Amino acid sequence: MGRGRELEVPRRLLKPTCSRFSSSLAGQILNTTTICVNNCVTSGVSGVGSYFGFTSPLHSSTEYCCSSKRTFRGHIRIKATPPIYLRIVFRTLQIKALLGALFIFVSGGLFAQADQFATRGREFWLGFMQNASGTQQLSLRIASATATSGTVSIPLAGWSTNYVVAANGVTTVVVPNSYEIIGSEVALNLGVHVTSVDPVTVSGVNYQNQTTDAFQVLPIESLGIKYRVEALPGTNIAYPNGTFMFRSEFVVVATEDGTALQITPSATTTAGRAANVPFTINLNAGQTYQVQAFSGVTDLTGTLVQATDSSGSCRPFAVFGGSMCAVIGCAACDHVNEQMVPVNAWGTSFHTVPLGSTVMYGYRVQAGADNTSVTIDGGAPIVLNAGQYHQVLNATQP
């Protein structure tokens, strides 16, 4: 598609951290980023996300480092009407990654939407989904451009710890393993609350020696009241020794008391709730509600999670989706966890970018409304209804 044109975006517009990943998953802030926009895009950047999830085996020494500037050159342009959600899967010999909504290019001003959808903030809520047969370490990476301090707590469990971050530094906060969310369809008091004096970015890491994933956490100002889950299936056999069936999963984290949610699962759940039949739950601030699929090979992608009329628009909540341990084009499985973007923040035009030494790519496009028409690099239209997705695996370019 050619070289395209280059657009430099200051960090105050970009907002996400750019992170350096190895088996230790350290991170560092990106001051400015150079983005190469394809020639056919003339209206600029409306939203930019950094990384939403990394799976790195313990033996991997692969590192992806961000310097003060980095140039990305896109190879695939995806357009849709109305808005869609994009998830991209990257594979190399040593590292696999799942990233969601990496770069969003739609018509409109450069400044408006980048400012509206924040990835830095002073308050965050999250939960750690079940990692395969159980985590070996839960942690947060908190990065800041200025020296600051704050608190990480699980308010309803009575646990908290303070942290300090140096200017342009990253601090690791370890969360006790007992606060991993295990099981399906039970309200638990396991919501993790992060507060900071100054704006920070937050990433979570759920580590096990054979299956690890990391995910970016969004501040409360970027949360919403309506989501479509993006997940992945698990496995069709139980590990180890028939004990654990790895399943598709998602978790909801309430930020306000009196949160009432309607969930319409796209597949039968572990507790036997039927696909496409809505049910209602009630949560208070700091409570979590994890849903796992009944079968290891079914996928909860497309599940609709939305506030009820009684809950209204003043009780935003967070949703994280993925899999206990997903198989993506290879024999081994890995935990997958990514925070969902509310439907109102989805876009209509996306560009994908190459990553390091990656040799094979995959991506999914999910529709937020019926009769959504999607084209990829000017190809034939693909028509999707709300919650449906189009998936491409084993592509040789992003």
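Before any of the text, the structure's been laid out above.
Note that this is a predicted model, so its numbers are computed, not measured.

**Some remarks on the overall build of the chain**
(1) Moving on: Check the secondary structure of the chain and you find 2 helices and 31 strands.
(2) Moving on: Each of the 398 residues in the chain was classed as buried or not, and the buried ones make up 57%.
(3) Moving on: Taking contacts inside the chain between residues at least 6 apart in sequence as the whole, the part at least 24 apart equals 78%.
(4) Moving on: As displayed, the chain offers around 14,800 Å² of accessible surface, 51% of which is attributable to carbon and sulfur atoms.

**Here's the deal with the pattern of salt bridges**
(1) Moving on: Taken as a whole and assessed by the stated rule, the structure comprises 3 salt bridges.
(2) Moving on: Between Arg364 and Glu230 there is a salt bridge, with its nearest N and O atoms 2.8 Å apart. Taken as a pair, Arg364 in strand β28 (residues 360-367) and Glu230 in the loop between β17 (226-228) and β18 (238-239) lie far apart in primary sequence, 134 residues in all. For the residue pair Arg364 and Glu230, the accessibility class agrees, reading buried in each case.
(3) Moving on: Linked by salt bridges that have partners in common, Glu230, Asp299 and Arg364 make up one network.

**Observations regarding the nonpolar core**
(1) Moving on: Leu126, Leu140, Ile142, Val152, Val194 and Val305 are the most contacted members of the largest nonpolar core, which totals 51 residues.
(2) Moving on: It is strand β20 (residues 248-254) that provides the largest number of residues to this core, a total of 5 residues.
(3) Moving on: Excluding residues within four positions of it along the chain, Leu126 makes contact with Leu140, Leu190, Gly191, Val192, Val194, Phe215, Val217, Val253 and Phe320.
(4) Moving on: Ranked by size, the runner-up nonpolar core spans 6 residues in total, among them Tyr363, Val365, Ala367 and Ile376.

**A short note on the pairing of strand β23 (residues 288-292)**
(1) Moving on: β23 sits mainly inside the fold: 5 of its 5 residues count as buried.
(2) Moving on: Here β23 shows two buried faces, one formed by Thr288, Gln290 and Gln292 and the other by Tyr289 and Val291.
(3) Moving on: With 5 bridges connecting them, β20 and β23 associate as antiparallel partners. Counterpart to Val253 in the pairing with β23 is Thr288.

**Quick look at the state of the cysteines**
(1) Moving on: Evaluation of the coordinates by the stated rule reveals 1 disulfide.
(2) Moving on: Here Cys325 engages in a disulfide with Cys333; their sulfurs sit 2.0 Å apart. Residues Cys325 and Cys333 are joined by a disulfide whose S-S torsion is about 90°; by sign, that bridge is right-handed. As far as the burial class goes, Cys325 and Cys333 line up, both buried.

About the thresholds
- Residues numbered from 1 in each chain as written.
- Predicted model: local features only at pLDDT ≥ 70, side-chain atom pairs only at ≥ 80, totals over all residues.
- Heavy atoms only, no water.
- Helix = DSSP H or I, 4+ residues; strand = E, 2+ residues; numbered from the N terminus.
- Buried < 20%, exposed > 50% of the residue type's maximum accessible area, 1.4 Å probe, protein only.
- Contact = heavy atoms within 4.5 Å.
- Areas by Shrake-Rupley, 256 points an atom, 1.4 Å probe, with all protein chains shown as cover.
- Salt bridge = Lys/Arg side-chain N within 4 Å of Asp/Glu carboxyl O.
- Core = buried A, V, L, I, M, F, W, Y, C linked by side-chain atoms within 4.5 Å.
- Pairing = 2+ DSSP bridges.
- Disulfide = S-S within 2.5 Å.

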